[in-house]
Structures are given as C-alpha cells and as structure tokens.
Amino acid sequence: MALDNDILVATSTVPVAGEQEHHSYVDWPAVIGGIVLATAISVLLLAFGSAIGLSFANFDASPDVNPLWIAIAAASWLLWVQISSFMAGGYITGRMRRRHYDATEHESDVRDGAHGLLVWAGALVIGAIIAVGGVGAALNAAGSAVATLTTAASNVADEGALDPQAYFVDTLFRAGPGSTAAAGTLQDYRGEATRILANGAVSGTVPDADKAYLAQLVAANTGLTPDEATARVNEVLTAVDTAKAQAADVAEEARKWTVLGAFLTAASLLVSAVGAYWAAMKGGNHRDKQTVFADVFKRF
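Predicted, not measured: the structure shown is a model, and the values here were computed from it.

Q: An account of the overall build of the protein is needed here, citing residue identities and associated values.
A: If you tally the helices and strands in the protein, you get eight helices and zero strands. By the burial criterion, 27% of the 300 residues in the protein qualify as buried. Counting only carbon and sulfur atoms, one obtains 66% of the accessible surface of the protein, whose full area is about 19,300 Å².

Put into structure tokens, the structure is as follows:
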C-alpha cells in the first residue's frame, strides 16, 4: 500500500504530456490584464479624489482648516488608492494565471505572488512614464513662459526693474521733507548702493564702512539729517535681513515637505507591493478551489 501511495503522489505531480511543459512559468497575458485593471482603478480613484479636493496639487479647504489635516487626508487617500488598485490587479492576475501542475502548493503560491509583484512593477513603470511625460510637458510650457518673460524683461532691464535689490534701494533714496533732489541725478548713487547691498547679501553682512557711506549718500540725496539717514540705512538693512530669513524659512519648509512626500510615496509603494503579492496568492487559492462569490457575481 505504501508503494501504491508513492506512485500516486509521483504521478499527481508530473505534468500531462504536451500540456504547457515547454511554456514559461510567467503568464504574461494575466500580468498585462492585472496591470490594466490596476491602472484603470487608480486613475478612477485619483480623479474622484481630485474632484472632492483630496489632491496634493490643489488642496480644496475652507480658510479656517489647517492645511496639515488636508495633507494627511490626501496622503491617506493616495495610500488607499495605491493599495486597493494594486491588490485588485494582483488578485485578477492570480485568479487568471494558468497553473502548472509540476509544483507543490507552496511553490504555486509563490508563483502566484510573483505574478502579483509583476503587476505592481509593470503598473509602477507605466505610472513613472506617464509622470515623466507630464513633467516634460510642464517643463516645455514653463520654458515657453520663461522665454516670454525674458523677452519682456529685456525691454526694461536697463532700468533695473527686475533687480531684487531695487525695492530696498528705492527705500534708501526716498526724498525727505523739503528735498528738491531730482530723481534723474540719483542714478549713479543708486547703482553704487545696489552693489553694496548685493555684496552684503553675498558676504552675509554689510561692513560698518559701507553703512556709513550709504548714510552719506542717503543724506546727500534725500535732504535727511545724518542721524536720520543712518537710521534709514539701518531700517533698510534690517528689512533685507528679514526678507532673507523669510526666504530661507520658506525654502527649508519646502525641502522638509519634499522629503516627507518622497518618504510617504516610497512607503506606500512598498506596502502596495506586499498587498499585490498577497492578493495574487489569494486569487490563486480561489482559482484552485474554484471559489464563487455568489452574493456578488450572480448568474442572470
């Protein structure tokens, strides 16, 4: 009897002659079907999320709502979209994959899960291609806009309209009460003051000698007293430092959000890969057991 049982086990694991023994273990039609399904579900859910304001590109909330909570809601929605779409694609692939009866149940589960990972990888590559294409189009549009702005700016460049220090220089040389200084006579002094401020921006501070010289220029061209000119110079330099600090804070905040977004994206993709693997194995088990969801799929 033991010998008969061994023979039965051996024959049950041997593939039928001429049945898929020369085919690849990867069932590409099933994988492609899972990729298409996962992509379609993700596009549908993302479009729905954008419609209700759950989008990183355009938060839609009342002014009294903290943007942090909107960001958390958008991140949670993105995580749900990725996991659900990849799991759906993985399940369909596992359910539709042709099983090769030359492996144990455990090996069959591994092959089903591997097909789920292929769905995850394929959909991820397609999403990356679409994203790169969108970024390329955006860069082309931005390039056209920059070219237009550059052409327009060339017409006013001689007047220093785009000089980032121009506002502060204007503040320095605002005429004081009773001053009769003409604006046209300030051109040379404005250029020199601009270079002093630019050097201070590069070095991080304006030397005391330059501050004193700026005060002299302001006093000579605005009708202010030396003390008033010195006070104005100090006020303008303080305003410059404040603007620099605010710009640095904004840049640091943007960097932190970029790092956090990249981390959340990578983590959600990793979780999605696990979900696709598990769903594909579950689909394969349902395929082998011929599981029927009678309450969902009914015959009409």
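Q: Any chance you could break down a nonpolar patch on the surface for me, citing the residues and the numbers?
A: A cluster of nonpolar side chains, contributed by Leu 68, Trp 69, Ile 72, Trp 257, Leu 260, Phe 263 and Leu 264, occupies part of the molecular surface with about 730 Å² of accessible area. Here the nonpolar patch gets four residues from one element, more than from any other, and that element is helix H8 (residues 226–289). Secondary-structure assignment places Leu 260 in helix H8. Assessed through its relative accessible area of 39%, Leu 260 is described here as partly exposed.

Q: Tell me about the pattern of salt bridges, and please be specific about residues and values.
A: For side chains of opposite charge, pairing can occur when their charged atoms come near one another. One pass over the structure, following the stated rule, counts eight salt bridges. A salt bridge links Asp 102 to Arg 111, with the shortest nitrogen-to-oxygen separation between them at 3.2 Å. The exposure class of Arg 111 is buried, given its relative accessible area of 13%. A salt bridge links Arg 287 to Asp 112, with the shortest nitrogen-to-oxygen separation between them at 3.2 Å. Of this pair, Arg 287 sits in helix H8 while Asp 112 sits in helix H4 (residues 105–154), and the two are 175 residues apart along the sequence. Across the pair, exposure class does not vary: Arg 287 and Asp 112 are buried alike. Beyond isolated ion pairs, a larger network of salt bridges with shared partners links Arg 97, Arg 99, Glu 105, Asp 112, Arg 287 and Asp 288.

Q: Which residues make up unusual backbone geometry, and what values go with them?
A: A positive phi is found at Gln 290, a non-glycine position, where the angle reads about 55 degrees. Assignment of secondary structure puts Gln 290 in the segment after H8. The exposure class assigned to Gln 290 is exposed, which follows from its relative accessible area of 63%.

Q: Could you give me a rundown of the packing of aromatic side chains, with the residues and numbers involved?
A: Per the stated rule, a full pass over the model turns up one aromatic pair. Between Phe 48 and Trp 77, the ring centres sit 6.0 Å apart and the planes meet at 50 degrees, which makes this aromatic pair tilted. Placement of Phe 48 in helix H2 (residues 28–51) and of Trp 77 in helix H3 (residues 67–96) is noted, with a sequence separation of 29 residues between them. What makes Trp 77 buried here is its relative accessible area of 17%. The ring of Tyr 25 is capped by Arg 111, whose NZ or CZ atom sits 3.9 Å from the centre of that ring.

Rules and cut-offs
- Residues numbered from 1 in each chain as written.
- Predicted model: local features only at pLDDT ≥ 70, side-chain atom pairs only at ≥ 80, totals over all residues.
- Heavy atoms only, no water.
- Helix = DSSP H or I, 4+ residues; strand = E, 2+ residues; numbered from the N terminus.
- Buried < 20%, exposed > 50% of the residue type's maximum accessible area, 1.4 Å probe, protein only.
- Areas by Shrake-Rupley, 256 points an atom, 1.4 Å probe, with all protein chains shown as cover.
- Patch = residues over 30% accessible without salt bridge, like charges linked within 9 Å, V, L, I, M, F, W, Y side chains within 5 Å.
- Salt bridge = Lys/Arg side-chain N within 4 Å of Asp/Glu carboxyl O.
- Phe/Tyr/Trp six-rings, centres within 6.5 Å; stacked < 30°, edge-to-face > 60°.
- Lys NZ or Arg CZ within 6 Å of the ring centre and 35° of its normal.

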